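Structural features, examined
Residues per chain, in single letters:
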2 protein chains.
Amino acid sequence: MATTNADQIFKEFREHSAAEFFKKNRQMLGYSGQGRSLVTLVHEYVTNSLDACEEAGILPDIEVVIKKMENGSAINRYTIRVSDNGPGIPKVFVGKALATIFAGTKFHRYMQQRGQQGIGAAGCLLFSQITTGKPILVKSSTGKGKGYSCRLGLNTANNKPVINDMVDIDEDFRGLIVEGEFADIRYESGEHSVYEYIRRTALSNPHAQIKLTDPNGQESLFVRSVKELPKRPEVAMPHPAGLSTNDLLEFAHLSQSRKISSFLVDTFARTTQNKIGELKEIDNTIDFDKDPKQMTWEDAEKLVNAFKKTKWIAPDASSVVPIGEKQIKIALKNILNPEHMSVTERKPRIFRGGIPFVVEAAVAYGGNSGKKEEEGYSGNILRFANRVPLLFDTASCAISKAANDIEWRRYNIDMETQPVSVFVNLSSVYVPYSGVGKEAIAQEDEIIDEIKLAVMEAARGVQRYVRGKERISFDANRYKAVARYVKQLSSDVGDLTGADKAKVEKRLEGIISKHFPKMKEGQEEKGEQDAAEETEEETM
Amino acid sequence: MATTNADQIFKEFREHSAAEFFKKNRQMLGYSGQGRSLVTLVHEYVTNSLDACEEAGILPDIEVVIKKMENGSAINRYTIRVSDNGPGIPKVFVGKALATIFAGTKFHRYMQQRGQQGIGAAGCLLFSQITTGKPILVKSSTGKGKGYSCRLGLNTANNKPVINDMVDIDEDFRGLIVEGEFADIRYESGEHSVYEYIRRTALSNPHAQIKLTDPNGQESLFVRSVKELPKRPEVAMPHPAGLSTNDLLEFAHLSQSRKISSFLVDTFARTTQNKIGELKEIDNTIDFDKDPKQMTWEDAEKLVNAFKKTKWIAPDASSVVPIGEKQIKIALKNILNPEHMSVTERKPRIFRGGIPFVVEAAVAYGGNSGKKEEEGYSGNILRFANRVPLLFDTASCAISKAANDIEWRRYNIDMETQPVSVFVNLSSVYVPYSGVGKEAIAQEDEIIDEIKLAVMEAARGVQRYVRGKERISFDANRYKAVARYVKQLSSDVGDLTGADKAKVEKRLEGIISKHFPKMKEGQEEKGEQDAAEETEEETM
């Protein structure tokens, strides 16, 4: 066989930009399937608007308009426009903010926000370029006299913005309007729809007002049910207990402090001069007077080991702002109008040694809770991370895992048949998403355990109510269960013994029906069906 | 509330490198959990070695040595060394090849390979830097007189390699040796272990010889069972039926051809002068004499629409090279030594309109198939993409989805209790992984459907064999099923009527035991347990 040598192979060597990578692998950003792609687009823009409004201290007013285009093409083509009343984007930043992958104000800040990657808006632009070749139309102003509009493209070869038709605008408005043309997407209804995404966003953001106009012209207004902005999360100082050697070293090399001791006190949470004294006692070979810029890996490792041997006060929770019990109740009432609900807000916890997070959970019963099935209902799980609804990748999410691990029957809840909604929101400075598309929280043990505790607590709150509901139909179910066995046993006995099935059945029914005279009518047919299904499984 | 204006907010604006992004989000590369992180490291290096050997026409000989380090630190620290007999990396490329994210020979080529992202090796380096602060030690040679060794780091701020201690080596060897120090990982046994990863790699690469030395010094040699290299996949020409407007436009603007007609014929598969004639008839407004560099989005869109109205010959399968039925049989016999197996190789198909792929499936019964449970066995699914075993993210993978959608009882197979292994390998020029960590194939309908067909075909092949096995225990199971109902019904009837449960039970047993005299002993206890479990669910 002819072999190829390395020099020949490496003629093919190339470097690529992040934009090229995600253009080729758009499913990793959430652009897989027409329905999901449309939700991803709306999700990215709405999330950015909410973050921007809150950072600027503005009650969000957001409008989403989706129109189907008539262009005779086989591919589904839509325009999407999202506008907000936020702070706007300064003209000099617009290209970087909306048309560069891995750029933004959020990635490096240790602060609770919806966005944390610097990918979202640039990903939308990438998707419009791939599917329609069109730039995104932007109109923004940061205040009177600072308005402008332009068309934004993204040069995938170098991940740089392409700005065209920049025009100053002299209107008196403040905010951001983005409008794009996208194809290979589809407006759908149901559990994974834009409507559902916005409904859930309203649920977790009762302080926001959001209006959706769908391609049929149907307008849905989710009104603001709370007139206060959420408390502003503070930029957190990292907690020493969660630091890796590498993190510590990087912080040290960027530090302006003259000594390691002052660097530690200035940079990390819960680190006082007293603590420095404790650390000195734990390891007296550490030189706390050294210039932090000169810190070596070995120095850092010693410090991290000393951190582990110290008792720390938990991280300050002021960096994590949950929705709050009262607000969740108002929102659930507003959106689900349940017969009964129970809300739990847990205390802040930490994962990976030092990243603070807070879990809130609610269980709602009745009203618009759960999912309408052809016959009756089933339960559903409403997942949120930093108030952002997670609609996809259910199977790999820590919230689903936790909810499914719960033995619901202990709480008299049947997720298969009852109108139950389980609401979970995880708030954190850093949410460990399992993928770039940010649709699932990685299944870290500490997070799963905490979610379970929160949901179980909420479940206990509705247990008594559900039990009352349950008792009413208990006798009927009991009869059905017994009737099922009669059917099945008669049939099996018949098969085995050759005895007349009808006779056996009659004999067994005789025993029971004396004690359940009211139940017999109208239940038989259903009982028979269930029995037949069960047989198939039993004899598999 | 004090509002913050946009200028203040945008003071925080930053750009980040891909390296910084993945450093912060290492779980997206597969570095989540200590066990999985170790498997990811081995996976990245072994995959690169196999690709390199095959590209150079060399039968792969790969050695993996994992050693635990004794350093008193609380964090699990190991060295991992992977060496191969491949073509080596030319000195000038080593930094880019192993220490730059989004660089390599694979990303841009339309060709079936294991790697396709240009992330793997740089991700390993990132992980060693984060966890131990150490560079990777590299020794390589592309032939006599071209050997060298060096230490490689990665500057995350700009995603550039840092090369130190470069030394020429005058040994007569060819290949690549990488050795790194990693912490926060753990060598584990079981289904998600390095051993299992290598065992499965051997299964899907019978032409490779792989030796693993684990931290206990235990050596496992997976010998080469096939002495021929797989047929080399050819670089494919993209098929017109799968082109997006954007793709077509990008190809056109890079083209050296003078006319659109010759550009199309030169660039795309199955596109002849005759086809150009057909396309002209479909849309006579397209100017095929235009310079492809001048092609507009509208031109491209017209062409794509015309492509859709043309009948195309399916893509040439020479770009996709499956393992092959014979080789799979040899490998399965070698690794699982099953009592019975059935292998299916399907014809090439396409997804997303034009990307060719081939699915191979096998069902193996008995021997080392399936998973040993505390009592008995259960079935398992061995997932592969381009011969690479996929061990994690099972729930989100198209292969799991397809396998779980199959009604196994139709084939007399019970995945809960039988020693069955289902093997699936998907080969393609482009595998649509759901995440950057490449552990699951995105659930695209066309792929799921094809996998289902392949697995069902293989399942039919073992059906008769399993049925024979089954019949032997059929009567016993039948008795057990009936006995379960007797127990349950007696108990329910007792509860309802107040009748003596034991009496009811005896009466019912009387009917049956006459006809099943041999079965009674030794089955009762198990029957009772099952019935008790079932009761709990019924009365939930």
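This structure is a prediction, so every number in the text was calculated from the model and none was measured.

**Details of the nonpolar core**
- Counting residues in each nonpolar core, the largest one holds 267 residues, and the members touching the most others are Val424(A), Ile441(A), Val455(A), Val424(B), Ile441(B) and Val455(B).
- Not counting chain neighbours up to four residues away, the residues in contact with Ile441(B) comprise Ala385(B), Cys397(B), Ala398(B), Ile399(B), Leu426(B), Val431(B), Pro432(B), Tyr433(B), Ser434(B) and Ile447(B).
- Val482(A), Ala483(B), Val504(B) and Ile512(B) belong to the second largest nonpolar core, which has 19 residues in total.

**Quick notes on the pairing of strand β13 (residues 355-365) of chain B**
Residues and elements named next belong to chain B.
- With 11 of 11 residues buried, β13 lies mostly within the body of the structure.
- Alternating residues of β13 divide into Ile-355, Phe-357, Val-359, Ala-361, Val-363 and Tyr-365 and Pro-356, Val-358, Glu-360, Ala-362 and Ala-364, and every residue in both groups is buried.
- Relative to β13, strand β11 (residues 340-345) runs antiparallel, the two sharing 6 bridges. Of the residues in β13, the one forming a bridge with Val-343 is Ala-362.
- Where strand β12 (residues 349-351) lies against β13, 3 bridges are found, and the strand directions are antiparallel. From the neighbouring strand, Phe-351 faces β13, where its bridge partner is Ile-355.
- Note: β13 against strand β18 (residues 420-428), 9 bridges, orientation antiparallel.

**Points about the packing of helix α3 (residues 34-55) of chain B against helix α5 (residues 120-132) of chain B**
All names here are of chain B.
- Close contact between α3 and α5 brings their axes to 9 Å; oriented N to C, the two are set at 140 degrees. Regarding α3 and α5, the two cross each other, and that crossing is left-handed. Across the interface between the two elements, Ser-37, Leu-41, Glu-44, Tyr-45, Thr-47 and Asn-48 from α3 touch Gly-120, Ala-121, Gly-123, Cys-124 and Phe-127 from α5.
- Residues that form the contact of α3 with α5 fall into these classes: 5 nonpolar, 5 polar and 1 charged.

**Structural notes on the pairing of strand β16 (residues 380-385) of chain A**
Residues and elements named next belong to chain A.
- Relative to strand β18 (residues 420-428), β16 runs parallel, the two sharing 6 bridges. Bridging across to β18, Arg-383 finds its partner in Val-424.
- One ladder, built from 3 bridges, connects β16 with strand β17 (residues 388-390); its direction is antiparallel. Paired with Arg-383 across the strands is Leu-390, a residue of β17.
- Linking two consecutive strands that pair antiparallel, namely β16 and β17, is a turn of 2 residues; a positive phi of about 45 degrees is found at Asn-386 within it.

**Observations regarding the relation of the copies chain A and chain B**
- The transformation that overlays chain A on chain B combines an axial shift of 0.0 Å with a rotation of 180 degrees, and the residual RMSD is 0.1 Å. The relationship between the two copies is best expressed as a two-fold rotation axis.

About the criteria used
- Residues numbered from 1 in each chain as written.
- Chains lettered and ligands numbered in written order.
- Predicted model: local features only at pLDDT ≥ 70, side-chain atom pairs only at ≥ 80, totals over all residues.
- Core = buried A, V, L, I, M, F, W, Y, C linked by C-beta atoms within 7 Å.
- Buried ≥ 20, exposed ≤ 12 C-beta atoms within 10 Å, placed from the backbone.
- Contact = placed C-beta atoms within 7 Å.
- Helix = DSSP H or I, 4+ residues; strand = E, 2+ residues; numbered from the N terminus.
- Pairing = 2+ DSSP bridges.
- Axes fitted to C-alpha atoms, helices over the stretch in contact; angles between N-to-C directions.
- Left-handed = near helix turned anticlockwise from the far one by under 90°.
- Nonpolar A, V, L, I, M, F, W, Y, C, P; charged D, E, K, R; others polar.
- Least-squares fit on C-alpha atoms with pLDDT ≥ 70 in both.

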